[in-house]
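Breakdown of the fold
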Amino acid sequence: MLLRKVGSNDVRFKELSFHEGLNLLVADKTDESELGDSRNGAGKSSFVRVLRYLFGGSLDNSLKKTTQLSEHSFWMEMEMEGVRDSELLVVERFISRTGVQVGSSWLSQEEYSSRIGSWFFGFSQEHKKPTANQLLSQLIRNYFVQATKTHNAESDLESGMRIGYFLGFSPEILSKANEVMAREKQQREIKKAVKAGVLEYLDLDEAGIRTDLAKARQKYDLLSAELSHFKVDKQYAEHQKKADGLSRSIRNLNDKAVILEQRCRDLDEASNAESSDDISTHKNRQLKALYEEVGIVLPDTVAHRFDEVVAFHSSVVHNRRHFLHAEMQSIHKQLEDIAAERRQLDSERSKIMRLLDESMALETFRSAEMEVADLESQISTLEIRLKNAQRFTNIKLDLKRMGVEAETSLRTEMEELSPVLEEALTLFTQLGEEVYRDRDISLRIETTQKGVLKVTPKIDGDASAGIAEVKTFLLDLVCVVIGIKNGRAPRILVHDSQLFDSMDDRQLSSCLNIGARLAEEYDFQYIVTLNTDRLEAAEKEGFDRSNYPLDVTLTDYGETGGLFGFRFV
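Residues numbered from 1 in each chain as written. Predicted model: local features only at pLDDT ≥ 70, side-chain atom pairs only at ≥ 80, totals over all residues. Heavy atoms only, no water.

What to know about the packing of helix α12 (residues 418-435) against helix α13 (residues 465-485)
The description of two packed helices rests on the angle between their axes and on the distance between the axes. For the pair α12 and α13, interaxial distance at closest approach is 10 Å and the crossing angle is 140°. With respect to α13, the axis of α12 lies oblique. Read as a crossing pair, α12 and α13 show a hand that is right-handed. Between α12 and α13, the contacting residues are V420, E423, A424, L427, F428, L431, G432 and V435 on the first element and V470, K471, L474, L475, L477, V478, V481, I482 and K485 on the second. Grouping the amino acids of the contact of α12 with α13 by side-chain chemistry returns 13 nonpolar, one polar and three charged. (Axes fitted to C-alpha atoms, helices over the stretch in contact; angles between N-to-C directions. Helix = DSSP H or I, 4+ residues; strand = E, 2+ residues; numbered from the N terminus. Parallel < 35°, antiparallel > 145°, perpendicular 65-115°, else oblique. Left-handed = near helix turned anticlockwise from the far one by under 90°. Contact = heavy atoms within 4.5 Å. Nonpolar A, V, L, I, M, F, W, Y, C, P; charged D, E, K, R; others polar.)

Below is the structure:
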């Protein structure tokens, strides 16, 4: 591919023609220009934005929001090998219209991007990452803060895939890290949702769920087994009531028996205490002793009368003992009757209790059935939660496995690409030593644990802005050279003057000489925008501009000196 011309449908736009090798688009900041003349400058950076737009990129906001450009279109002519028999291919894009005019065909943005990928980078229909737009964002730069980045929000993964493609790495292997990152993002989102309570049925505590599930299943099995051995008794309540009545009757009989037994013991003691002979003798002795103590001797008549009293008393005692015996027999008979009735009641109650033990009330059965159904629902929910927790655990395990696989695959390919990578590392160091003769310069290419390709340009003392710019310059040159040799880069590299703002004059001179030499050696166009004062300073340090400048020189003086031919805010 060779860029020939860039122009616009507005005749005021300064049409630019390009040649092989180094192309210098020079802007002259005149002594007559004032601060107010720099509202959009001479148009050096705008040229890079227009070119980026023509190569399929998005339109920069500085141009999109400018009403004076709303009816503008921009076009470019290219020589394309294998396209239209190497005839000039004209591409035109409009500010206010979607789509791209390619020759006589009108293509959608997607179709044009696909063509760009095929023409410039050899993409197949199945290719996804890195995109043509990502690769061109390094070849036509408008971001210079960090060498490995092409925009502020670019991730290390995207940077590694882009640079790795230029260096010859397989897109499929580079994309493995993208799969790991996507899975990591999924994992973070799930954790975030669980923590916020958004996913009601997702619990990541797999061990805790297993414990709850085991408890629920055990309770379910026990209750189900109990229900299987019971019969539903619709008269369960009546049987329970009858059993309770029998229990009360038995308790009453027991209480009655206790009273009778106590009465029996009392009667037995009374019967044993009654003895007529003993009492008479005892009473007689007492009386005699009493009279002797008072010194009175009882006459025979009194003694005879006393014997009659004793005989009478013995008869009374005998009658009482007969009565006590009869009473005790009656109590024993009552106790026997109570015992017999109690046995009968107890037998009847036992039958009812066996019936109750083997059955349950309909209401109780239905309640138990509902509890079993609730347990089934709990078990089903816990099983779902366990499966989800297991899936999340599998995600973590898969993530580790994918990370190891991505890193291993990338390391294996690094071994296979050792000659190419060594050439890139050597070229970076050699070019860097042309710019700096007193600094340690190196390019590190390594892989992370997640399979991300990490490229790090290093120059001692790289805290200064000038050194950071040189790192960007060197990395871009290495990528385009190795990319061309691998058939993975178009033959063009564009650097805006912003890249050289902080370089000293000697470094600038070295970079321009390197760019010119490599462009000629590897047959690519190196397009640089530069102010005349910086160009003159570089010439004093040994750079020979020769025929590198374009025929058009921009200026920030007046209304018509800039690229667009008019001033706009």
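Right, picking up where we left off after that structure.
Focus: unusual backbone geometry
Residue P130 is reached from K129 by a cis peptide bond, and omega for that bond is -5°. For P130, the position within the fold is in the loop between α3 (109-121) and α4 (132-139). Here S546, not a glycine, exhibits a phi torsion of approximately 45°, which is positive. With respect to the helices and strands, S546 occurs in the loop between α15 (532-540) and β14 (554-555).

A look at the packing of aromatic side chains
For any pair of aromatic rings, the description rests on two quantities: the centre-to-centre distance and the angle between the ring planes. A full pass over the atoms with the stated rule returns 10 aromatic pairs. Ring plane angle 40° and centroid distance 6.2 Å describe the contact between F94 and W106, whose orientation is recorded as tilted. Of this pair, F94 sits in strand β5 (residues 88-94) while W106 is found in strand β7 (residues 105-107), placing the two residues 12 residues apart along the sequence. Accessibility expressed as a relative area gives 37% for W106, which makes it partly exposed. Among the aromatic residues, those joined into a cluster by ring pairs are F13, F74 and F564. We note R97 situated over the ring of F94; from NZ or CZ to the ring centre the distance is 4.6 Å. A cation over an aromatic ring shows up here: R488 above the ring of Y165, its NZ or CZ 4.3 Å from the ring centre. (Phe/Tyr/Trp six-rings, centres within 6.5 Å; stacked < 30°, edge-to-face > 60°. Buried < 20%, exposed > 50% of the residue type's maximum accessible area, 1.4 Å probe, protein only. Lys NZ or Arg CZ within 6 Å of the ring centre and 35° of its normal.)

Observations concerning the sheet that holds strand β4 (residues 73-79)
The antiparallel open sheet is built from six strands, whose spatial order is β2-β1-β4-β5-β6-β7. Looking at which strands have only one partner, the edges of the open sheet turn out to be β2 (16-17) and β7. In this structure, β5 lies alongside strand β6 (residues 100-102), joined through two bridges in antiparallel fashion. Counterpart to E92 in the pairing with β6 is Q101. The strands touched by helix α1 (residues 44-54) within the sheet are β1 (2-8), β2, β4 and β5, with β1 carrying the most contacts at an inclination of about 110°. (Pairing = 2+ DSSP bridges.)

What to know about the sheet that holds strand β3 (residues 22-28)
Taken in spatial order, the four strands line up as β12-β13-β3-β14 in an open sheet, and their pairing is parallel. Looking along the sheet, the strands with just one partner apiece sit at the ends: β12 (492-495) and β14. Note: β3 against β14, two bridges, orientation parallel. Residue pairing for β14: D28 is matched across the bridge by T555. Lying over the sheet, α1 contacts β3, β12, β13 (525-531) and β14, oriented at roughly 150° with respect to β13. Each of β3 and β13 is contacted by α15, which is oriented at about 110° to β13, the strand it contacts most.

Here's the deal with the side chain of T150
Topologically, T150 is positioned in the loop between α4 and α5 (156-166). Not counting chain neighbours up to four residues away, the residues in contact with T150 comprise S137, Q138, R141, N142, Y143 and R162.

Considering the pairing of strand β11 (residues 453-459)
Side chains L453, V455, P457 and I459 project from β11 onto a buried face, and the interleaved K454, T456 and K458 project onto a face without burial. Both strand β10 (residues 441-447) and β11 contribute to a ladder of seven bridges, which runs antiparallel. Looking at β11, one finds that L443 is bridged to P457. Linkage of β10 to β11, two consecutive antiparallel strands, is achieved through a turn of five residues, within which G451 is found at a positive phi near 80°.

Structural notes on the pattern of salt bridges
Overall, the coordinates contain 17 salt bridges when judged by the stated rule. Between D60 and R49 there is a salt bridge, and its shortest N-O distance comes to 3.8 Å. Remark: R49 occurs in helix α1 and D60 occurs in the loop between α1 and α2 (61-64); sequence separation between them is 11 residues. Given a relative accessible area of 27%, D60 falls into the partly exposed group. For R49, a relative accessible area of 23% corresponds to the partly exposed category. As a salt-bridge pair, R444 and E446 come within 3.2 Å of each other at their nearest N and O atoms. (Salt bridge = Lys/Arg side-chain N within 4 Å of Asp/Glu carboxyl O.)

Comments concerning the pairing of β3
Consecutive side chains along a regular strand alternate between the two faces of the sheet. The buried count for β3 comes to six of seven residues, which makes it a mostly enclosed element. Across six bridges, β3 lies against β13 in parallel orientation. Bridge assignment links V26 to a residue of β13, and that residue is L530.

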